[in-house]
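Analysis of the macromolecular model
These are the residues of each chain, in order.
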Amino acid sequence: MPNSTVKSFYSTTPIFYVNDAPHIGHAYTEVATDVVTRWHAQRGENAFMLTGTDEHGEKILRTAAANKTEPKDWADKLVHDSWLPLLDTIDIRNSDFIRTTEPRHEKNVQKFVQHLYDTGFIYQGSYEGNYCVGCEEYKTDADLLDGEGAFEGQPVCAIHSKPVEKLKETNYFFKLSEFQQPLLDLYSQEPDFVAPDSARNEVVSFVRRGLDDLSISRSKEKFDWGIDIPWDDSHITYVWFDALLNYITAIGYGEDDEKFRSLWPASLQVVGKDILRFHAVIWPAMLMAAGLPTPKQVFGHGWLLVGGEKMSKSKLTGIAPEQITDTFGSDAFRYYFMKAIAFGQDGSFSWEDLSARYQAELANGFGNLASRVLAMVGRYFDGFIPEPGEYTEADLAIIEIARKATNDADDAIERVAIQDAITSVWTLVDELNNYITVSEPWVLAKAEENRARLGTVLYVCAEGLRALSVLLAPVIPKATGKLWAAVTGGSLGALDDATIASAAEWGILPVGAKIGELEPLFPRIEAETEGQ
RNA sequence: GGGGAGUUAGCUCAGUUGGUUAGAGCAGCGGACUCAUAAUCCGUCGGUCACGGGUUCAAGGCCCGUACUCCCCA
């Protein structure tokens, strides 16, 4: 429901290459984008998150053939068997899911390409080079190695170790070279366009060295699984050119101007650092050529390292997200990767660390806090939220911490510093646990004259839980949903409707509300050797 | 060959523009407490900030070099 008076926040993830097997790297990108987007939604903004699948290209055509099926059927199967389930596994709340084989995409990619052709940014040329089918791109000599074994004497792709094919074709080229200066201007005028700084530095130095025009078509003689070049049906669009355009075709480019204008330019486009160049160089150049605004920010995040190495299926360290969620749940998955790793830097994953943080932070820190507070409200006040009396210094300190945690976390999200945001929120978890110990409600409960004080202490605790439900909802939506339901007892409506700002306010929980039951949010996990 | 990032307590990491005795969490050790998922709270142990030079009144932070790790480009 686009509303012009409400700020919009449009975020994107890269689209999954449909042939890949989902692993925690994919899930990591999705979760990060989802957390930031949910936070903006919780602020009351018109938040829209896009993800999807990239389904064109020679490799998919070949895989489909190897599986004795049509490429579209093959992609259908993978989307439904792998990618949609992945989003469910890690609790992603995307607003839309674009597939590059959908008419809304194909048709409007053609419009875009035609527009660039008409305005002279695309021209015909010829290209000769060594093509690697695995990479789906031409390789320079430096990318090639001498073949070994069966491929003795042939140049092979350094990545795939398979022979490259010598190809010469007439192609259409995008005048990327004309955008060197405009891109450099963009980077300097909008320093946050590429983040973090390390990524920005790489991009800037790359563009400073000059840009070559980019081949954006492939002859159908080779394969024809792609989008036709509209004025020349002997060519199809190069997969990357096709794929990048998903970010605008999904939101109405070419056919729904109102929707498109309400969301574009994107606020945040999250990518892994391996594909940063496509998103921070080629993509903005394409948009400039078409006269469209560039996204506010392209954020390149780091790799997940397993045992010190980049995780990949070929190194057999690829980990399927369900391996983690089956044992720990989706909330723990989301929390762990967001809290343990500085977003933007490489980070190491280990089962030991995951397990330790689950136990120490989620079960003992947060989950147990919820249990002890609700148990005391139940035991001492029959489950009714007590009335607070006059606040002492200790109470006011908690109120202030809730306010500060909210503001600090909000600032951190603005910088896409997800880890910092959670750390800020966690100060409230820790301080509440501390507050309870110091306030000793179980001692107060022993003497009737302390009844008022006991009520105040537990009201402060309950309000703290209310604030935490809101602040942690973007990260651990399932657990906070249960906690919210229990602590408000339905007195404050839906958690989704509670704004971030309300977490910084005090005294919102109605006195006399009946709390609900709460099962342990993060039950202890006995087996410590899971995940082999 | 060119460029970028990194190397800080057993582990994972913070350390703004250089400025008092280098921090956190976890793990370890000692204690307190019992509302709670044997949870919580307090205290404590622990670092020649990769190595070698240099600039400075002052460097984990700046400069030069070396080693190792990773990434991008050619």
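Thresholds, definitions, all that
Residues numbered from 1 in each chain as written. Chains lettered and ligands numbered in written order. Predicted model: local features only at pLDDT ≥ 70, side-chain atom pairs only at ≥ 80, totals over all residues. Heavy atoms only, no water. Salt bridge = Lys/Arg side-chain N within 4 Å of Asp/Glu carboxyl O. Helix = DSSP H or I, 4+ residues; strand = E, 2+ residues; numbered from the N terminus. Near = heavy atom within 4 Å. Polar contact = N/O pair within 3.5 Å; in protein donor to acceptor, adjacent residues only side chain to side chain. 1 Å grid on protein atoms, 1.4 Å probe; cavity = no way out; pocket = protein on both sides within 12 Å on 5 of 7 lines; lining within 4 Å. Points joined across faces, edges and corners; volume = space filled by probe spheres on them. Nonpolar A, V, L, I, M, F, W, Y, C, P; charged D, E, K, R; others polar. Contact = heavy atoms within 4.5 Å. Pairing = 2+ DSSP bridges. Phe/Tyr/Trp six-rings, centres within 6.5 Å; stacked < 30°, edge-to-face > 60°. Buried < 20%, exposed > 50% of the residue type's maximum accessible area, 1.4 Å probe, protein only. Lys NZ or Arg CZ within 6 Å of the ring centre and 35° of its normal. Axes fitted to C-alpha atoms, helices over the stretch in contact; angles between N-to-C directions. Parallel < 35°, antiparallel > 145°, perpendicular 65-115°, else oblique. Expected span 1.5 Å × (residues − 1). Core = buried A, V, L, I, M, F, W, Y, C linked by side-chain atoms within 4.5 Å. Arc of directions from axis to C-beta.

Moving on: the pattern of salt bridges. Inspection of the entire model under this criterion finds 27 salt bridges. Between Glu 400 and Arg 403 there is a salt bridge, with its nearest N and O atoms 2.7 Å apart. One end of the pair, Glu 400, and the other, Arg 403, are both in helix H14 (residues 393–414), three residues apart, so they sit about a helical turn from each other. One salt-bridge network, held together by shared partners, links Asp 34, Arg 38, Asp 91, Arg 334 and Lys 478.

Moving on: the protein's contact with RNA strand B. Close contacts around RNA strand B come from 29 residues, with Arg 277, Gln 345, Gly 367, Asn 368 and Arg 372 the closest. The sugar-phosphate backbone supplies 75% of the atoms of RNA strand B found within 4 Å of the protein. Take Asn 434: an N or O atom from its side chain is 3.4 Å from a sugar or linking oxygen of RNA strand B. A distance of 2.7 Å is found between a phosphate oxygen of RNA strand B and a side-chain nitrogen or oxygen belonging to Arg 524. Sorting elements by how many residues they give to the surface near RNA strand B places helix H13 (residues 351–381) first, with 11 residues.

Counted as a void, the second largest pocket has a volume near 410 Å³. Asp 192, Ser 267, Gln 297, Glu 414 and Val 416 are the residues nearest the centre of the second largest pocket, which is lined by 19 residues in total. Secondary structure elements with two or more residues in the lining of the second largest pocket: helix H1 (24–42), strand E10 (194–195) and H14. Grouping the constituent residues of the lining of the second largest pocket by class yields 10 nonpolar, three polar and six charged.

Right, let's talk about the environment of Ala 290 for a bit. The topology assignment puts Ala 290 in the loop between helix H10 (276–289) and strand E16 (298–301). Residues Ala 290 and Asn 433, spaced 143 residues apart in sequence, show a C-alpha to C-alpha distance of 56 Å. Discounting chain neighbours no more than four positions away, the residues touching Ala 290 are Phe 112, His 115 and Leu 116.

Attention now moves to the side chain of Thr 480. Relative to the assigned elements, Thr 480 resides in helix H18 (residues 477–488). Reaching out from Thr 480, the side chain makes a polar contact with the backbone oxygen of Ile 476 at a distance of 2.9 Å. Of the polar contacts made by the side chain of Thr 480, one reaches the backbone oxygen of Pro 477; its length is 3.2 Å. If sequence neighbours within four positions are ignored, Thr 480 has contacts with Leu 468, Ser 469, Leu 472, Ala 473 and Leu 495.

What follows is about the sheet that holds strand E12 (residues 217–219). Taken in spatial order, the three strands line up as E12-E14-E13 in an open sheet, and their pairing is antiparallel. The sheet is open, and its two borders are formed by E12 and strand E13 (228–229), each paired with just one other strand. As paired elements, E13 and strand E14 (residues 232–237) share two bridges and run antiparallel to each other. Paired with Asp 228 across the two strands is Ile 236, which belongs to E14.

For the coordinates displayed, the defined rule picks out 31 aromatic pairs. Ring geometry for Tyr 117 and Tyr 172: centres 6.2 Å apart, planes at 90°, overall edge-to-face. Linking Tyr 117 in helix H4 (residues 103–118) with Tyr 172 in strand E9 (residues 165–174), this pair joins segments that are 55 residues apart in sequence. In this structure Tyr 172 comes out as buried when scored by relative accessible area, which is 4%. Aromatic pair Tyr 117 and Trp 231: ring centres 3.6 Å apart, planes at 5°, arrangement stacked. You can see Tyr 117 sitting in helix H4 and its partner Trp 231 sitting in the loop between E13 and E14, a full 114 residues away along the chain. Classification of Tyr 117 by relative accessible area gives partly exposed; the value is 32%. A residue is classified by how much of its surface remains accessible, and Trp 231, at 23% relative accessible area, is partly exposed. The residue whose ring lies beneath Arg 277 is Phe 278, and the NZ or CZ to ring-centre distance is 6.0 Å. Across from the ring centre of Trp 426, 5.8 Å away, lies the NZ or CZ of Lys 339, which sits over that ring.

Our next topic: the pairing of E14. Looking along a regular strand, one sees the side chains alternate between the two faces of the sheet. Note that E12 and E14 share three bridges and pair antiparallel. Paired with Ser 219 across the two strands is His 235, which belongs to E14. Between the antiparallel neighbours E13 and E14 lie two residues.

Another aspect to go through is the packing of H1 against helix H12 (residues 330–340). Running from amino to carboxyl end, H1 crosses H12 at an angle of 90°, the nearest separation of the two axes being 10 Å. If you check the angle between H1 and H12, you find them roughly perpendicular. Residues Ile 24, Ala 27, Tyr 28, Val 31, Ala 32, Asp 34, Val 35 and Arg 38 of H1 pack against Phe 333, Arg 334, Phe 337 and Met 338 of H12. Residues of the contact of H1 with H12, tallied by class, amount to nine nonpolar, no polar and three charged.

Attention now goes to H1. Think of an α-helix as 3.6 residues a turn; residues three or four steps apart then line up on the same face. Taking 1.5 Å per residue as the helical rise, H1 with its 19 residues ought to reach 27 Å, and the 26 Å between its terminal C-alpha atoms agrees with that figure. Judged by how many residues are buried, H1 sits mostly within the fold: 18 of 19 residues are covered. Gly 44 lies just past H1 and shows a positive phi near 100°.

What follows covers the environment of Lys 404. Here Lys 404 is to be found in helix H14. C-alpha of Lys 404 to C-alpha of Thr 427: the two residues are 23 residues apart in sequence and 9.4 Å apart in space.

In terms of nonpolar packing, the biggest core is built from 113 residues, with Phe 337, Phe 349, Phe 366 and Leu 468 touching the most fellow members. Of all the elements, H13 adds the most residues to this core, at 14 residues. Of all hydrophobic cores here, the second largest spans 60 residues; its members include Phe 48, Phe 193, Leu 263 and Phe 278.

Quick look at helix H11 (residues 321–328) now. Turning to H11, its buried residues number three or more, namely Pro 321, Ile 324, Thr 325 and Phe 328. Along the long axis of H11, the arc covered by the buried residues comes to 90°, so they all point the same way. As for H11, its buried residues are in contact with H1, helix H3 (71–89), H12, strand E19 (347–349) and H13.

So, on to unusual backbone geometry. In this structure, the amide linkage connecting Ala 195 to the following residue, Pro 196, adopts the cis form with an omega of -5°. Mapped onto the secondary structure, Pro 196 falls in the loop between E10 and helix H6 (197–208). Cis geometry is adopted by the peptide bond preceding Pro 265, which originates at Trp 264 and carries an omega value of 5°. Along the chain, Pro 265 turns up in the loop between helix H9 (257–263) and strand E15 (268–272). Unusually for a residue other than glycine, Lys 68 sits at a positive phi of about 55°.

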